[in-house]
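Here is what each chain is made of, one letter per residue.
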Amino acid sequence: MINNDVLRSLRYSMDLADGHVVSLCQLADPAFSVTTDEVKGWLHREDEPGHLPCPDAALAHFLDGLIIHLRGRDESQPLRPVETRLDNNLILKKLRVAFQLRDVDLMEIFAAAGFRASKSEVGALFRQPGHANYRRCLDQMLRNFLKGLSLRLRR
């Protein structure tokens, strides 16, 4: 899925201002440089003037900052390096950690979006890529998850 769509959906779901998106990105790594103008460009649609593609590093910093913001930082552990390459499974995993979602919660979120997923299907999304039961999270599945998450957060 396109990083801009993920960022746009999460920003809407959580009702975040552009400045808050910047602060979440820097929460994961204060040395990471991002401006509100860049965030505005990332949030524009592809056909709008001023659109900028959101790089994996920026979305990864935002998601890691979201985890720290919602769950707190474990001071006993060193800072984890931010991933440079994201895929749908990793985005889903980071959102699961940030919102402290269990399998039942994930199934409810999918169901709220009209997408049925069994417990075994959900569990397969979080397995290692080499595992026999690993399942790739396709764009449609992530899109439905974000839609269901939005419904859950905007109640």
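Above this text is the structure in question.
Draft legend 1. The arrangement of the side chain of Asn3 in detail. Inspection of the secondary structure assignment puts Asn3 in helix 1 (residues 3-14). Residue Asn3 is classed as buried on the basis of its relative accessible area, which comes to 10%. A polar contact of 2.7 Å, which involves the side chain of Asn3, links it to the side chain of Asp56. In this view, Asn3 contacts Cys54, Pro55, Asp56, Leu59 and Ile91; residues no more than four positions away in its chain are not counted.

Draft legend 2. Seen up close, the side chain of Asp56. Within the secondary structure, Asp56 sits in helix 4 (residues 56-71). Side-chain polar atoms of Asp56 contact the side chain of Arg85, separated by 2.9 Å. Not counting chain neighbours up to four residues away, the residues in contact with Asp56 comprise Asn3, Thr84, Arg85 and Leu86.

Draft legend 3. Geometry of the pattern of salt bridges. By the definition in use, this model includes 9 salt bridges. Measuring nitrogen to oxygen at the nearest pair gives 2.7 Å for the salt bridge that ties Asp5 to Arg8. With Asp5 and Arg8 both in helix 1 and 3 residues apart, this pair spans about one turn of that helix. Across the salt bridge formed by Arg135 and Glu121, the nearest N and O atoms sit 3.4 Å from each other. Note that Arg135 is positioned in the loop between helix 7 (119-125) and helix 8 (139-153) and Glu121 in helix 7, a separation of 14 residues in sequence. Given a relative accessible area of 31%, Arg135 falls into the partly exposed group.

Draft legend 4. View of the environment of Arg96. Note that Arg96 resides in helix 5 (residues 88-98). Sequence separation between Arg96 and Met14 is 82 residues, and the spatial gap between their C-alpha atoms is 15 Å. When near neighbours in sequence (up to four residues on either side) are disregarded, Arg96 contacts Leu101, Arg102, Asp103, Leu106 and Phe126. Here the side chain of Arg96 touches Asp103 through a polar contact of 2.7 Å, side chain to side chain.

Draft legend 5. Up close: the packing of aromatic side chains. For the structure on display, the rule yields 2 aromatic pairs. Ring centres of Phe110 and Phe115 lie 5.6 Å apart, and the angle between their planes is 45°; this geometry places the pair in the tilted category. The buried category is assigned to Phe110, whose relative accessible area is 0%. The structure contains a cluster of three or more aromatic residues connected by ring pairs, namely Phe110, Phe115 and Phe145. Seen from the ring of Phe126, Arg96 lies directly overhead, with NZ or CZ sitting 4.3 Å from the centre. Sitting above the plane of the Tyr12 ring, Arg154 keeps its charged end 4.2 Å from the centroid.

Draft legend 6. Quick peek at the state of the cysteines. All told, the structure shown has 0 disulfides when counted by the stated rule. Residue Cys54 stays outside any disulfide, its sulfur separated by 7.6 Å from that of Cys25, the closest cysteine. Cys54 sits in the buried class, given a relative accessible area of 7%.

Draft legend 7. Region of interest: the packing of helix 1 against helix 4. Between helix 1 and helix 4, whose axes approach to 10 Å, the crossing angle comes to 30°. One way to sum up the angle between helix 1 and helix 4 is to call them roughly parallel. The chirality of how helix 1 crosses helix 4 is left-handed. Each of Asn3, Val6, Leu7, Leu10 and Met14 in helix 1 lies in contact with helix 4, whose residues at this interface are Asp56, Leu59, Phe62, Leu63 and Leu66.

Rules behind the numbers
- Residues numbered from 1 in each chain as written.
- Predicted model: local features only at pLDDT ≥ 70, side-chain atom pairs only at ≥ 80, totals over all residues.
- Heavy atoms only, no water.
- Helix = DSSP H or I, 4+ residues; strand = E, 2+ residues; numbered from the N terminus.
- Buried < 20%, exposed > 50% of the residue type's maximum accessible area, 1.4 Å probe, protein only.
- Polar contact = N/O pair within 3.5 Å; in protein donor to acceptor, adjacent residues only side chain to side chain.
- Contact = heavy atoms within 4.5 Å.
- Salt bridge = Lys/Arg side-chain N within 4 Å of Asp/Glu carboxyl O.
- Phe/Tyr/Trp six-rings, centres within 6.5 Å; stacked < 30°, edge-to-face > 60°.
- Lys NZ or Arg CZ within 6 Å of the ring centre and 35° of its normal.
- Disulfide = S-S within 2.5 Å.
- Axes fitted to C-alpha atoms, helices over the stretch in contact; angles between N-to-C directions.
- Parallel < 35°, antiparallel > 145°, perpendicular 65-115°, else oblique.
- Left-handed = near helix turned anticlockwise from the far one by under 90°.

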